[in-house]
Structure formats: C-alpha cells, structure tokens
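Fold and geometry: a report
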Amino acid sequence: MSRIKKLFSKPKEKLIPFLTAGYPELDSTIELVCAAVDAGADMVEIGIPFSDPQGDGPVIQKSSQQALNNGITLKRIFEQVKQIRIQTDIPIALMGYYNPILKMGHEAFLDNCVSADIDGLILPDLPLDEAGPFCELAKSKGLSPILFVAPNTTNDRIRKISELAADLIYAFSILGISGNELSSKKNLKAYLTRVRENSVTPFVVGFGINTRDDVVWFNQHADGAVVGTAIIKKLNGSKLPAVTTKDFIKELKGIK
Amino acid sequence: MTNKFKNYTLPDERGHFEKFGGKYVPETLIPALEALESQYTRVKNDPLFQSELSDLLKHYSGRETPLYHAKQISEELGFDIWLKREDLNHTGAHKINNALGQILLAIRMGKKRIIAETGAGQHGVATATVAALFGLECIVYMGKEDIRRQKLNVFRMNLLGTEIRPVLSGSMTLKDATNEAIRDWVTNVETTYYLIGSTVGPHPYPMLVRDFQSVIGIETKAQFAKQAGKDLPDRLIACVGGGSNAMGLFYPFLKDNVKMIGVEAAGKGLESGEHAATMTKGEFGVLHGAASTLLQNEDGQVTLPHSISAGLDYPGVGPEHSYLNETGRVNYYTATDQEALDAFIWLSEKEGILPALESAHALAYLRQDDNEIEKGEQIVVCLSGRGDKDVHTVAESLGVDL
Ligand SMILES: Cc1ncc(COP(=O)(O)O)c(C=O)c1O
C-alpha cells in the first residue's frame, strides 16, 4: 500500500506542513523537513517555487522569489528529497505550478519523482478539465495526484475530481489565495460535510490554517490540516529556522 | 492554404486550439469560467445584446473607424498602405471594443465589481470608462514600472473614478498585474467580473475577446472592397502583445487568400535578452490560465520581457496566435524599440498621425529591408491606438525634457 493510502487509513490527527523548497537558504529544506518530522508532522508538502504563483498570497510569493534568487531548481529539489528520504518514511508531496513540470516533460518529471521516492503531486493550476493525461500517467507510475476542490465546486464535480485523484484530494478552505483568512466555521462545516459526502477519497484542508485550535477543528471535519503561510511567516527573519520549525510544529500538534 | 481555415471553428468545446488554450486555473475559478461561457453563448445569438453593443460601438465609441489610404508613406515605399484607424475610437485604442462587449456581459451576469489588468493603460482606461458609464465599481491592477511610464493614463483612470492598485512583484509590468488581477478574482469570484484586456487567459476569454475585436476585420473587409475597388488586400499587419488587435483584424480574413503578419517587440534586440519576442524566442508553456508560447528559462520560470511599449511588454501571447503560428497561417516578425521609435516619428511627420508605440511596431515592419513585401501590394495595417500616451516616452528617448 502507498504511504499516502496507509497514512489516511489510520483514524488519527494529521498535520501536513508546507515548506517552500530552497527557502530561506538554498538547501534549508532538508533540515527543515527533518525538523518538522521530528516534531510530529504526519506528511509534508514541499513547494516548487515558480516565478508567477497565481494562487499564493504575498508571504508564499516572497518565499518563492527568495528561493529562486537562492538558485533553486527542480533538479536540486529532487536531490534534496533524496537526502530527506534517507531520514524519514513519511509521505512527501510536491506542490508545483504546471509550467516548470511541463518544461521538464510529464514523463521525465514523474520518473524523477519516482526515483526520489516522492508520494504525491499537488498542482494548483491543473484542474480536472486539463489534468487527465498527467494524472493517469502519474498513477501508472505509482504516484498519487492530489487534486483540489473549492467551496464553489459542485457535488458532482467533487466526485469526479476524487475519482481521478484516486487516493487523496485537497480542499481549499476558502475562495481565495494562500494567506487569506478563514470564513465562518458554520459555512466551513457545511462545505466540508459536502466534500465528505461526495468525495470517494479522504481529503485534507488547507489555506488560512494558523493555530493549534484550527488543526484540531479541521481534523474533526476533514482528514488532515495543511499549514503553509503561518510556517513561512515564522521562518521570515528567523535566526534558527530548524528550531523555529520544530517549535511551531510542536505547538500545532499540541505537544508540550 | 490548407483547408483548415475554410471551415474554421476553433476553439473546440474545451477551449483548445489543438494543444494551445484550455483552462489552467485554480479550481475556484472553474465555476466562474463556466458561468461566463454559458452567458456568452447566450448573448452571442441574442439580437438584443448585439444591437445594444453595436449601438454603443457606433454612438459611444464612434465606429466605424476609417480605413485611411496613407498616400505619402505608400508613395515612399512603393506599395499601398491602408491604416485601420482604431486610434480614432473613444479612449484612443481598439481596447474599447472589447471593454464595451465585456461590460455588457458583466451586467447580464449581475456583477457590480469590475477588475482589470493593464500595461500601457489603454485597456485600463477603456475599462474605467465603461465602468463609469454603467456606474460600476472598478479596480485596475498596474505594475509600478508601467505606472511610471504611463502617467497620463493613470491620471485618466483616476478621473474616471477607478482605483489603481500598484503591483510591486516581479518585473512590475503587465505579467505581474495579470497575476494580481487573477488573485483578486480567485478571492472575490462571487461578486467580481474580471474584464481581461487581450486574447489571453483561460477559455472562454481568448475566444470572446477575439469575437468582440472582430469588428475591426469585419469593417476593414467591407471598407477595403469599397475604397480600393478590389476584393481583398494582399497582406494584413498588426502588432502583437497579447494579440487582441491582431486577432480582431485577422479573424474575419482567416479563410481568405490574404497574407498575415504579426509584429512583436524585439526590445533592445533579439540577442540582447531584453525583448518581448514571444513567438520568435519562446517555447510551449502555460501562463495565466492558457497553454501557449512563453518566454521562459530552462527550468520553466517565466523570464522578464522588455519593450519600450508597455502594451507589448508581455512574456506570453494569446493561444490562438500560437496555433496560427504553428499552422503557418500567420507569420510573426519583430521590431526593435529603435525601429518603433523611428516609425512613430516617421508616421507623425509623413501623415500627421501620432501612432501608439505598440502600433508603431507594426508600421516599423513596413520599412524593414527583408520584409518580403512586393511592390504594388495592397496592405492593411492596424493602427491600434494613438500616441498621445507615449509622448513622454518618446521625448525621453530623444533627450527632450518636457
Ligand atoms: C494601442 C495598443 N495597441 C496594441 C496593444 C497590445 O495589445 P494586443 O496585442 O492585445 O492588441 C495595446 C495594449 O495595451 C495597446 O494599447
């Protein structure tokens, strides 16, 4: 069974931190992912920086730009994940906008993912309408494409998206970009119930999740919580990024 | 010519021009694009909508625009040049054709908040104008660099009651303004209409902007036949930023035996690395919701374009142009900043018309030694806009302090 399937077959709280590859230093990601794992992260999402991150707010935009200035490349990210893989067996997903992947080519990109022992792929600008060929190829190589649903996605579409994804989907908590604030818990609950009822796979929620309370709440109404902007914010200007990461993940997990 | 264009119906129902086009956007925007497409399909054949639009084009924007036989430059070059005078539209460029069409769509969809991106500010001004006309809230995203070089248009938009939001990310030009407009739209998708300014973005935008701009080519066809006493011109020429004035001119002629030339910005030269020559130097890629041709590095990061003309300073190009390029139906060439400046002055002196720097790229092609134009040809050039907005830039390049 794949690592993702295995993790999501267990009824436990799940925290999935997001880290921008190559930020704050070119090779920090290795150390930071390991710190997150030590602190109790259940899965990690590593962001491939892109020059034009349309779905991201200012915090993640800046971290991506900084990482690109540091010289991060897709090739380097694969090398970093290989280093990380030596130290941990938790599921690892890459998050990336489509163009750098297209430039490398579907086949080459996915083969690199397989050899770096990556588990999942999150492509925010590849919706159901365009995702077919990429997802089918990914699945044929044993990788899990993790497609998105949003609060305005219809029930029928949620089902189709989850069927194409097959193992896991990702629900945007809000209409909006990363770093925006959450809407009312009442609206969220109705939406997440709708996702629960229509998705054939487990689902995690991300965007706007900042605190321990959020993590607890989203684990009650979904299968896991992704925290991105809040972590990157903590890393901004941190002298000891690994310590900062570890402390914050512990806080989010409720570990004293 | 291949039969492909005899019964041309692209994009297909998924919004593709073969491998180009499509909808590469966050899931959140899919319902909005679907709603837009179904509204557009409805109004396309709605006589009420069409008559409302043609009434505005005529009485508000001043269409039809003239097709002017530019005798002085024709005589100098030895072929006949006809200028399609989009500069004579209200607000000074072809952008108003599209803005009027889309604002009527927005109203039908019940949206009260309009957002747009702008480069040269012509699309921003056109959007601000139609928003004022219909009493709608309007926000325009504009790169800080473009705000600097298009001060006049920024002030015009302010006068029209539009809020300008300066964009400080990336190259601080059109690409970044577009990113920011998309982020706004993702966040406010339920209340907001995104009035995109060129034949770019996710389906159905490239199609509907093309359709709204096609009035350029439709008028040209009828005017040319009447004025030149010949069925068709030999060649059409237009500048290409995102590609809307060019698509507007070309589309009604695709099935005809007429050569077509798109002219992109070569900036400081094709080998300088500072240009916006997407078709010549770009590769297949995805940006701003569509698969097309893109200036990018070996890692698929979008590279920063350069052009003296803010309206052409864009690293991508509309998907339909990529298709027309690949099929060979349209040929794409380039003109440098200097060639455009020279053409700006040339047309001003010879014909008494100050062209927009964007349009000056199309004019520059006429004067290139290797342009393959034959003596005696009948040529239509889309004069997409007027040059008032560029007077500061031209003065600066001539070392004149205004
Ligand atoms: C006068 C004028 N011409 C051309 C353009 C380029 O746009 P497009 O290629 O969509 O016609 C612009 C864009 O701002 C413009 O203002």
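Just above sits the structure.
This text gives an overview of the structure that appears in the document.

**A closer look at the site of the ligand**
Residues and elements named next belong to chain B. Ser-198, Gly-241, Gly-243, Ser-244 and Ser-384 are the nearest of the 18 residues found near the ligand. Between the ligand and Gly-242, the relevant distance is 3.2 Å, taken from an oxygen atom to a main-chain nitrogen or oxygen of the residue. Side-chain polar atom of Asn-245 to an oxygen atom of the ligand: 2.8 Å apart, as the coordinates give it. When the ligand sits alone it has 390 Å² of accessible area, and the protein chains cover 97% of it. Across the shell around the ligand, the residue classes tally to five nonpolar, 11 polar and two charged.

**Considerations on the interface of chain B and chain A**
With 38 residues of chain B in contact, the opposing surface of chain A contributes 34 residues. Taking both sides of the interface into account, the surface hidden between chain B and chain A amounts to around 2,900 Å²; carbon and sulfur atoms contribute 49%. For the pair chain B and chain A, the number of links is four salt bridges. A salt bridge links A:Asp52 to B:Lys175, with the shortest nitrogen-to-oxygen separation between them at 2.8 Å. Where chain B packs against chain A, one counts 19 residue pairs in polar contact (both at pLDDT 80 or more). Every element with two or more residues in the side of chain B that touches chain A is listed here: α1 (30–44), α8 (174–187) and β11 (283–287) of chain B. Counting residues per element, the side of chain B that touches chain A draws most heavily on α8(B), which supplies eight residues. Taken together, the residues of the side of chain B that touches chain A break down into 13 nonpolar, 13 polar and 12 charged.

**Side note on the sheet that holds strand β7 (residues 163–167) of chain B**
Residue and element names in this part refer to chain B. If you trace the four strands from one edge of the open sheet to the other, you get β7-β6-β5-β8, paired in parallel fashion. Sheet topology places β7 and β8 (192–194) at the edges, where each strand pairs with a single neighbour. Strand-to-strand twist across the sheet, computed as the mean angle between neighbouring axes with direction ignored, equals 25 degrees. Sheet topology places strand β6 (residues 137–143) next to β7; five bridges connect them, and they run parallel. Considered in β7, the bridge of Ile-139 is made with Glu-163. Where helix α5 (residues 122–133) meets the sheet, its contacts fall on β5 (113–118) and β6, and the angle it forms with β5 comes to roughly 165 degrees.

**What about the environment of A:Tyr23?**
All names here are of chain A. Here Tyr-23 lies in the loop between β1 (15–20) and α2 (28–38). Given the relative accessible area of 9%, Tyr-23 is considered buried. Beyond its immediate sequence surroundings of up to four residues, Tyr-23 is in contact with Ser-28, Thr-29, Leu-32, Ser-63, Gln-66, Ala-67, Ile-232, Leu-235 and Asn-236. Polar side-chain contacts of Tyr-23 include one of 2.3 Å to the side chain of Asn-236.

**Concerning the pattern of salt bridges**
Residue and element names in this part refer to chain A. The final tally for this structure, using the stated rule, is 50 salt bridges over all chains. In this structure, the salt-bridge partner of Lys-12 is Asp-42, at a minimum N-O distance of 2.9 Å. Taken together, the residues span a long stretch of sequence, with Lys-12 in the loop between α1 (3–8) and β1 and Asp-42 in the loop between α2 and β2 (44–48) at a distance of 30 residues. A relative accessible area of 41% means that Lys-12 is categorised as partly exposed. Assessed through its relative accessible area of 5%, Asp-42 is described here as buried. With a shortest N-O distance of 3.2 Å, Glu-163 and Arg-159 are connected by a salt bridge. Of this pair, Glu-163 and Arg-159 both sit in helix α8 (residues 155–165), four residues apart, roughly one helical turn. Overall, the relative accessible area of 33% leaves Arg-159 in the partly exposed class. Via salt bridges that share partners, Arg-3, Arg-85, Asp-89, Asp-117 and Asp-119 belong to a single interconnected network.

Cut-offs and rules
Residues numbered from 1 in each chain as written. Chains lettered and ligands numbered in written order. Predicted model: local features only at pLDDT ≥ 70, side-chain atom pairs only at ≥ 80, totals over all residues. Heavy atoms only, no water. Near = heavy atom within 4 Å. Polar contact = N/O pair within 3.5 Å; in protein donor to acceptor, adjacent residues only side chain to side chain. Areas by Shrake-Rupley, 256 points an atom, 1.4 Å probe, with all protein chains shown as cover. Nonpolar A, V, L, I, M, F, W, Y, C, P; charged D, E, K, R; others polar. Contact = heavy atoms within 4.5 Å. Buried area = accessible area lost by both parts, 1.4 Å probe. Salt bridge = Lys/Arg side-chain N within 4 Å of Asp/Glu carboxyl O. Helix = DSSP H or I, 4+ residues; strand = E, 2+ residues; numbered from the N terminus. Pairing = 2+ DSSP bridges. Axes fitted to C-alpha atoms, helices over the stretch in contact; angles between N-to-C directions. Buried < 20%, exposed > 50% of the residue type's maximum accessible area, 1.4 Å probe, protein only.

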